[in-house]
Amino acid sequence: SEVLLSSEVQTHVFAEELILLFTMTMGKEEEKQQQPKKKKICCACPETKEPRDQCVGEFGAEDERCKKLVEAHLVCLRKEGFDV
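So, how was this worked out
- Residues numbered from 1 in each chain as written.
- Predicted model: local features only at pLDDT ≥ 70, side-chain atom pairs only at ≥ 80, totals over all residues.
- Heavy atoms only, no water.
- Phe/Tyr/Trp six-rings, centres within 6.5 Å; stacked < 30°, edge-to-face > 60°.
- Lys NZ or Arg CZ within 6 Å of the ring centre and 35° of its normal.
- Helix = DSSP H or I, 4+ residues; strand = E, 2+ residues; numbered from the N terminus.
- Buried < 20%, exposed > 50% of the residue type's maximum accessible area, 1.4 Å probe, protein only.
- Contact = heavy atoms within 4.5 Å.
- Salt bridge = Lys/Arg side-chain N within 4 Å of Asp/Glu carboxyl O.

Enquirer: Sorry, what's going on with the packing of aromatic side chains here?
Expert: Aromatic rings in a pair are described by how distant their centres are and how their planes are angled relative to each other. Going through the model one piece at a time under the given rule, you end up with zero aromatic pairs. If you follow R65 out to its NZ or CZ, it ends over the ring of F59, 3.7 Å from the centre.

Below, the structure is given as structure tokens:
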């Protein structure tokens, strides 16, 4: 009877450990699925990058015509999670 009780306790503890391990693993998988893959900065914000690049290429980054485009691109990059 004592051996059986010990075996039941071991089985119960093992089951709890498996549940805990499974729960911890599932939490990590859900986190991975919820976090979108981070884009490379060169590929982020094409809608602001192209006009900015064209303006800077033609007039230079310090030109007044380009400053708002440069700032719009930086705002977009920050929204994508880049620290710029």
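From this point, the narrative continues.
Enquirer: Would you mind showing me how to read the environment of E80 here?
Expert: For E80, the location among the structural elements is in the segment after α3 (64-79). Residue classification places E80 among the partly exposed residues on the basis of a relative accessible area of 35%. Aside from chain neighbours lying at most four places away, what touches E80 is K39, A44 and C45.

Enquirer: Mind showing me how you'd approach the pattern of salt bridges here?
Expert: Pairing between side chains becomes possible if they bear opposite charge and their charged atoms approach one another. One pass over the structure, following the stated rule, counts six salt bridges. Here D53 and K49 are joined by a salt bridge, their closest N and O atoms 3.7 Å apart. A residue pair is termed a helical-turn pair when its members lie 3 or 4 positions apart in one helix, as D53 and K49 do in helix α2 (residues 46-59) at four residues. What makes D53 partly exposed here is its relative accessible area of 34%. Using a relative accessible area of 26% as the deciding quantity, one classes K49 as partly exposed. Between E71 and R78 there is a salt bridge, with its nearest N and O atoms 3.5 Å apart. Taking relative accessible area as the criterion, E71 reaches 39% and is therefore assigned partly exposed. On the accessibility criterion, R78 (38% relative accessible area) is partly exposed.

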